[in-house]
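Listed below are the residues making up each chain.
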Amino acid sequence: MTLLAATAAAAAARSRAPPRALGLIRAVASARRSRPPSTAVGFVPTPSPSRLPPSALRCRRGSSRRASSPSALPADPPSTRPHVASVLISDPSPSPVSPEWEYVLFYAGRSLGSPSSPDGIAGIGVSLCDGDDGRDEVWWGMQFLRGASCHEAEYVALGTGLEMSLKLGVRKVVAVGCNKLIVKQVEGEYKTKKPSLRTCKERVVATSEGFDSFRIRRVEKAMNERAKNLADEAMAMGADDNGDYALELATSQSICARKDSSSNIAAPAAPAVAISPSKTYVLRFDGGARGNPGIAGAGAVLYDAAEGCEVWSGCRYLGDKRTNNEAEYAGLTSGLKRARTLGMRKIVVQGDSQLVLRQLEGTYRVKAPGLRGYYDEAVALRGEFDSLEICHIERARNQRADKLANEAMDTKESRGFDNVSS
């Protein structure tokens, strides 16, 4: 059974497809079943390196690095953990993290079939990012499980993600998931009646106390597609590869290099991805003026929120008689026009200008006459999207757009904004 076929079968079963699709995965899962599932779920221990299957050491997604020996997690008593059909593999060179930054942990758990049935399978996906749009991914992971319900898989994903975040040196974290029950139970608003979930919750709460700052919140599924897709892929691969698939941690080296680079920003290659009107994209913008008014430039970047990859970027030279706020608005409106031209319908706008964002929200009034035209244009563009959310971010998280704005001022040239007035 190929990976493509297994993935399609898992997706079909999740969407209540005809029984034939469900039977396809059940048949594969039944063929590779060798041990009985347990009745409760805890967090996942790591087998010794000698038990690692050769397939688990494969490099994924074209990476040239090979995985190192797994980093062990505290083992649970056999009676409180699920039957796990995968191992934990850590990346040999994890991305450095800052204890001063607040990171976002996206997590998701998925299941197929009854957890009490030998054919029941589940998967988890986790993605640690230094931005709530999922762009700057520090590492990601997935794991195949068996004998776990959807809620139990959610807890395993959350707990595993928190433990690995601590191991990477994260001190401040926001856990983000779609399951309302899990979020409310961890917050203490809902009682945890099921014994297996109570054990999982206690482990999550205990792990969360290791952080200097911990919060948990619920988001819509569209904002958590990355973790969900990883969980689905884990189920499909587990069924397709005899259950010997691991939680793999991968670092985003190109992102780290981009953060630390002081060299001029080269024009990005054309993205090899198709724009989907059903997906959510993130627009980050910035603008500045040297002299205020003076030489001004604007920068904008569009990201795929689910995949965490850059889709498009551009910088725009605005002349030598613009103010900082005018340049900020130019970055916003130019980015929105480009998103519209590319066919994007759902946008999350992020920037570090409180003034521009609060005016667009309607919280601040537009007092400066020179900004009225920019504001009116931004409001008109907002109405051309099916959905548009506004989010203020710190300047440190907006360095990509800031460098593009400075590039425009340094070179006095524009790029990436062909037919931006359209």
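Below or above, wherever it landed, is the structure these notes cover. (Residues numbered from 1 in each chain as written. Predicted model: local features only at pLDDT ≥ 70, side-chain atom pairs only at ≥ 80, totals over all residues. Heavy atoms only, no water.)

## Describing the overall build of the protein chain
No. 1: Of regular secondary structure, the protein chain possesses 11 helices and 13 strands.
No. 2: Among the 422 residues that make up the protein chain, the fraction classed as buried is 53%.
No. 3: For the protein chain, the share of sequence-separated contacts (at least 6 apart) that also reach a separation of at least 24 residues comes to 78%.
No. 4: Carbon and sulfur atoms make up 51% of the accessible area of the protein chain, which totals about 18,200 Å². (Helix = DSSP H or I, 4+ residues; strand = E, 2+ residues; numbered from the N terminus. Buried < 20%, exposed > 50% of the residue type's maximum accessible area, 1.4 Å probe, protein only. Contact = heavy atoms within 4.5 Å. Areas by Shrake-Rupley, 256 points an atom, 1.4 Å probe, with all protein chains shown as cover.)

## Regarding the sheet that holds strand β10 (residues 294–304)
No. 1: Spatially, the 5 strands line up as an open sheet ordered β11-β10-β9-β12-β13, and their pairing is mixed. The open sheet is flanked by β11 (309–322) and β13 (387–392), the only strands paired with a single partner. Mean inter-strand twist for the sheet, computed between neighbouring axes without regard to direction, equals 20°.
No. 2: Here 5 bridges tie strand β9 (residues 280–290) to strand β12 (residues 346–351), and the two strands are oriented parallel to one another. Looking across to β12, one finds that threonine 280 is bridged to lysine 346.
No. 3: Seen against the sheet, helix α8 (residues 324–342) touches β9, β10, β11, β12 and β13 and runs at an angle of roughly 150° to β9.
No. 4: Against the sheet, helix α11 (residues 399–411) touches β9, β10 and β11, its axis set at about 145° to β10. (Pairing = 2+ DSSP bridges. Axes fitted to C-alpha atoms, helices over the stretch in contact; angles between N-to-C directions.)

## Quick word on the packing of aromatic side chains
No. 1: Under the defined criterion, the tally for this structure stands at 2 aromatic pairs.
No. 2: Aromatic side chains tyrosine 329 and tyrosine 374 sit 6.2 Å apart centroid to centroid with 25° between the ring planes, which places their arrangement in the stacked category. Residue tyrosine 329 is found in helix α8, and its partner tyrosine 374 is found in helix α10 (residues 369–382); the two are separated by 45 residues along the sequence. (Phe/Tyr/Trp six-rings, centres within 6.5 Å; stacked < 30°, edge-to-face > 60°.)

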